[in-house]
Amino acid sequence: RAPSRQGRGARMTEAIDRSPTTDDAWNRLVDRRGPNRGDDRRDALLSAFEGLLRAQTLEEVNVAEISRRAGVTRSAFYFYFESKAMAVMALMQGLYDVAAEVNEILVKAEGEPEARIRSAITMLFDSVDSSPHTYRALLEARAASTTVRQMWDAGRADFAGVIAGMIASERAAGHASEGPDAESLASVLLDLNDHALERHSVRSGPPRDKHIETLTFLWLRGVYG
């Protein structure tokens, strides 16, 4: 189970000072404690939506069909979600939790670096493999919706800041090698992860094990030399 939002926040604050704009976007992205959480109608809509995405692209899925399968009115969908793209964000909550847990593993910097990095990257691939159709819908949503893209970028900047803090700490402790600016390095390494996961979700590029092996190599060399 991923650490609580409060627990993550306390440790993240030690690694990076986040601007209110980034914090607000991050909270909208991952905080599931709002009044609609656990609502039966909302859950039914998400279940119906997820089922349709198994056979259709995000563009092909129809809100009326989602609502019909969920047994609610079309207006009920828009009560909970501004758009299909925003509903995809709700479906991706599991991935956000995994990403936060991966950050925790990396930031703690416990154990051998190679095993820790490989474990973290493997968790990301496992998460995508558990629901590849949903991840592909996320790629569509990011491309089609400015709001989703801004929210995603804000959350990703948060993750990059935390990883940069880890890199700086490891350098200060003499465990990591000197190199590019820590924030730039963290951002580029996350770019590699994102691109690899995108290709994997559409069954492109190297096999999964080669993706993980190569990413582990690049992270290890990039951070630890």
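Residues numbered from 1 in each chain as written. Predicted model: local features only at pLDDT ≥ 70, side-chain atom pairs only at ≥ 80, totals over all residues. Heavy atoms only, no water.

**Here's the deal with the packing of helix H3 (residues 40-53) against helix H4 (residues 63-70)**
The interhelical angle for the contact between H3 and H4, taken along N-to-C directions, is 120 degrees, at an axis separation of 8 Å. Judged on the interaxial angle alone, H4 and H3 are oblique. Once H3 is placed against H4, the crossing between them reads as right-handed. Of the residues in H4, those touching H3 at Ala-44, Leu-45, Ala-48, Phe-49 and Leu-52 are Glu-65, Ile-66, Ser-67, Arg-69 and Ala-70. (Axes fitted to C-alpha atoms, helices over the stretch in contact; angles between N-to-C directions. Helix = DSSP H or I, 4+ residues; strand = E, 2+ residues; numbered from the N terminus. Parallel < 35°, antiparallel > 145°, perpendicular 65-115°, else oblique. Left-handed = near helix turned anticlockwise from the far one by under 90°. Contact = heavy atoms within 4.5 Å.)

**Considerations on the side chain of Ser-127**
Relative to the assigned elements, Ser-127 resides in helix H8 (residues 113-130). Judged by its relative accessible area of 13%, Ser-127 is buried. Apart from the residues lying within four places of it in its own chain, the contact partners of Ser-127 are Leu-95 and Val-98. (Buried < 20%, exposed > 50% of the residue type's maximum accessible area, 1.4 Å probe, protein only.)

**Examining empty space enclosed by the protein**
Evaluated as defined, the whole model comprises two cavities of 30 Å³ or more. The computed volume of the largest cavity comes to approximately 280 Å³. Along the walls of the largest cavity sit 20 residues, with Ala-99, Leu-124, Trp-152, Phe-159 and Asp-194 positioned nearest its centre. Looking at the lining of the largest cavity, the elements that each hand over two or more residues are helix H2 (20-30), helix H7 (93-108), helix H10 (146-172) and helix H11 (182-201). (1 Å grid on protein atoms, 1.4 Å probe; cavity = no way out; pocket = protein on both sides within 12 Å on 5 of 7 lines; lining within 4 Å. Points joined across faces, edges and corners; volume = space filled by probe spheres on them.)

**As for a nonpolar patch on the surface**
Taken together, Val-188, Leu-192, Phe-217 and Leu-218 make up a surface patch of nonpolar side chains, about 330 Å² in accessible area. Mapped by element, the contributors of at least two residues to the nonpolar patch are H11 and helix H12 (208-224). For Leu-192, the location among the structural elements is in helix H11. (Patch = residues over 30% accessible without salt bridge, like charges linked within 9 Å, V, L, I, M, F, W, Y side chains within 5 Å. Areas by Shrake-Rupley, 256 points an atom, 1.4 Å probe, with all protein chains shown as cover. Salt bridge = Lys/Arg side-chain N within 4 Å of Asp/Glu carboxyl O.)

**Focus: the side chain of Asn-103**
In this structure, Asn-103 sits in helix H7. When its relative accessible area of 5% is taken as the criterion, Asn-103 is described as buried. With near-sequence residues (within four places) excluded, Asn-103 lies in contact with Phe-159, Val-162 and Ile-163.

**A closer look at H7**
Given a rise of 1.5 Å per residue, 16 residues ought to cover 22 Å, and the 23 Å separating the end C-alpha atoms of H7 matches this to within 8%. Those residues of H7 not exposed but buried are Gln-93, Leu-95, Tyr-96, Asp-97, Val-98, Ala-99, Ala-100, Val-102, Asn-103, Glu-104 and Leu-106. Immediately beyond the C-terminal end of H7, within one or two residues, lies Ala-109, with a positive phi of roughly 55 degrees. (Expected span 1.5 Å × (residues − 1).)

**Topic: H12**
Between its first and last C-alpha, H12 extends 24 Å over 17 residues, near the 24 Å set by a 1.5 Å rise per residue. For H12, every residue scored as buried is listed here: His-211, Ile-212, Leu-215, Thr-216, Trp-219, Leu-220, Val-223 and Tyr-224. Within H12, the buried residues cover an arc of 155 degrees as seen down the axis, which keeps them to one side. Considering only its buried residues, H12 is in contact with H7, H8, H10 and H11. Phi for Gly-225, located one or two positions after H12, is positive at around 80 degrees. (Arc of directions from axis to C-beta.)

**Details of the packing of helix H6 (residues 84-91) against H7**
Two elements in contact, H6 and H7, have axes separated by 5 Å at closest approach and are oriented at 50 degrees. Comparing their axes, H7 and H6 come out oblique. Facing Met-89, Ala-90 and Leu-91 of H6, the residues of H7 in contact are Gln-93, Gly-94 and Tyr-96. Grouping the constituent residues of the contact of H6 with H7 by class yields four nonpolar, two polar and no charged. (Nonpolar A, V, L, I, M, F, W, Y, C, P; charged D, E, K, R; others polar.)

**Digging into the packing of aromatic side chains**
A full pass over the atoms with the stated rule returns five aromatic pairs. Each ring, one from Phe-77 and one from Tyr-78, has its centre 5.2 Å from the other, and the planes form 85 degrees; the classification is edge-to-face. For Phe-77, a relative accessible area of 1% translates into the label buried. Between Phe-79 and Tyr-80, the ring centres sit 4.9 Å apart and the planes meet at 90 degrees, which makes this aromatic pair edge-to-face. Ring-pair connections join several aromatic residues into one group, and the members of that group are Phe-77, Tyr-78, Phe-79, Tyr-80 and Phe-81. (Phe/Tyr/Trp six-rings, centres within 6.5 Å; stacked < 30°, edge-to-face > 60°.)

**With respect to the confidence of the model for the protein chain**
For the protein chain, the mean per-residue pLDDT works out to 84, and 83% of the residues sit at or above 70. When the elements of the protein chain are averaged for pLDDT, helix H1 (residues 5-15) gives the smallest value, 38, and H4 the largest, 97. In this model residues 1-35 is a low-confidence stretch, pLDDT under 50, and it forms 46 contacts with partners more than four residues away in sequence or in other chains. (pLDDT = per-residue confidence, 0-100.)

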